[in-house]
Each structure stands twice: as structure tokens, then as C-alpha cells.
Amino acid sequence: VRGVVRTILDRADGSTWAGTASGGLFRVDGRAATALPVGRALGAEQLLALHEDAGGTLWIGTNAGVWRWGGDPASGGAPEPVRVLALDDVLAVAL
């Protein structure tokens with residue numbers, strides 16, 4: 001994992017995710033870390049919070065607002081902004 005880790009999440013599938021201050025999202029499976037270049041897709045410089053809800057949706061708090069990503073980000077797709085929660089700085093996502 002490259003950069004300063006700002007948030008860590010253990011998902012229900014046993015994987016661990018790390019969000020960095022430089023906008024990187026990493027999936028760690030115990031052997032290796034896979035980088036998912038989501039910072040540009042999110043339009044955010046910093047990933048500040050990660051949360052997985054009961055349905056498996058990944059919630060991402062950034063310095064540009066809150067985003068949700070249904071399913072597994074490693075399998076593709078694009079994050080969706082949650083405009084109603086778009087805050088300047090989101091320090092925690094608690095749903």
C-alpha cells in the first residue's frame with residue numbers, strides 16, 4: 001500500500017480495504033495489495049472513511065463528499081455520488 005493510510009475496513013468476505021490520503025483504494029487479501037485507482041473517479045484527493053453496509057455496499061467518505069459502490073469494486077463498475085450527503089470533509093461514515 002502506497003501513501004498514508006487514513007482508513008481501514010474489514011469486509012464481510014474476509015478482505016481488508018485501505019483508503020489513503022492520496023486517493024488510493026487498496027484491497028489486501030493477506031498475500032498482496034491490489035490498487036484500485038478510484039481517486040480520479042471520485043474526484044477526491046483523500047479517502048477518509050470506509051464502511052460496508054448489511055447489503056454489501058461499500059460507502060466511501062472523501063474530502064469531496066460521500067460515494068457508494070455496490071458490489072465489489074475490484075470487479076469493475078463505477079462509484080455513485082450520494083449528493084444529499086456531499087460534505088466538504090467527511091471524517092466518518094456510520095450507517
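Higher on the page you've got the structure.
The notes below deal with the structure included here. Remember, it's a predicted structure, so these values are computed and weren't measured experimentally. (Residues numbered from 1 in each chain as written. Predicted model: local features only at pLDDT ≥ 70, side-chain atom pairs only at ≥ 80, totals over all residues. Heavy atoms only, no water.)

### Focus on the overall build of the chain
Per the secondary structure count, the chain includes one helix and eight strands. Element order for the chain, N to C, with α for helix and β for strand: β-β-β-β-α-β-β-β-β. Within the chain, the proportion of its 95 residues that are buried is 41%. Here the analysis covers contacts within the chain between residues at least 6 apart in sequence; of these, 38% occur between residues at least 24 apart. For the chain, the computed accessible surface area is about 5,300 Å², with 51% contributed by carbon and sulfur atoms. (Helix = DSSP H or I, 4+ residues; strand = E, 2+ residues; numbered from the N terminus. Buried < 20%, exposed > 50% of the residue type's maximum accessible area, 1.4 Å probe, protein only. Contact = heavy atoms within 4.5 Å. Areas by Shrake-Rupley, 256 points an atom, 1.4 Å probe, with all protein chains shown as cover.)

### Some details on the sheet that holds strand β4 (residues 33-36)
Taken in spatial order, the four strands line up as β1-β2-β3-β4 in an open sheet, and their pairing is antiparallel. Each edge of the open sheet is held by one strand with a lone partner, namely β1 (5-10) and β4. Put simply, the sheet's adjacent strands are angled 25 degrees from each other on average, direction ignored. As paired strands, strand β2 (residues 16-20) and strand β3 (residues 25-28) are joined by four bridges and run antiparallel to one another. Each bridged residue has a counterpart across the sheet, and for T16 the counterpart in β3 is V28. (Pairing = 2+ DSSP bridges. Axes fitted to C-alpha atoms, helices over the stretch in contact; angles between N-to-C directions.)

### Digging into the environment of T34
Within the fold, T34 resides in strand β4. Discounting chain neighbours no more than four positions away, the residues touching T34 are L25, F26 and R27.

### What about the pattern of salt bridges?
When the charged atoms of two side chains lie near each other, side chains of opposite charge can form a pair. Inspection of the entire model under this criterion finds two salt bridges. One salt bridge in this structure joins R11 and E52, with 3.4 Å as the shortest N-O distance. Linking R11 in the loop between β1 and β2 with E52 in strand β5 (residues 47-52), this pair joins segments that are 41 residues apart in sequence. By the burial criterion, R11 is buried, and E52 matches it. Where R27 meets D13, a salt bridge forms, and the shortest distance between an N and an O atom there is 3.7 Å. (Salt bridge = Lys/Arg side-chain N within 4 Å of Asp/Glu carboxyl O.)

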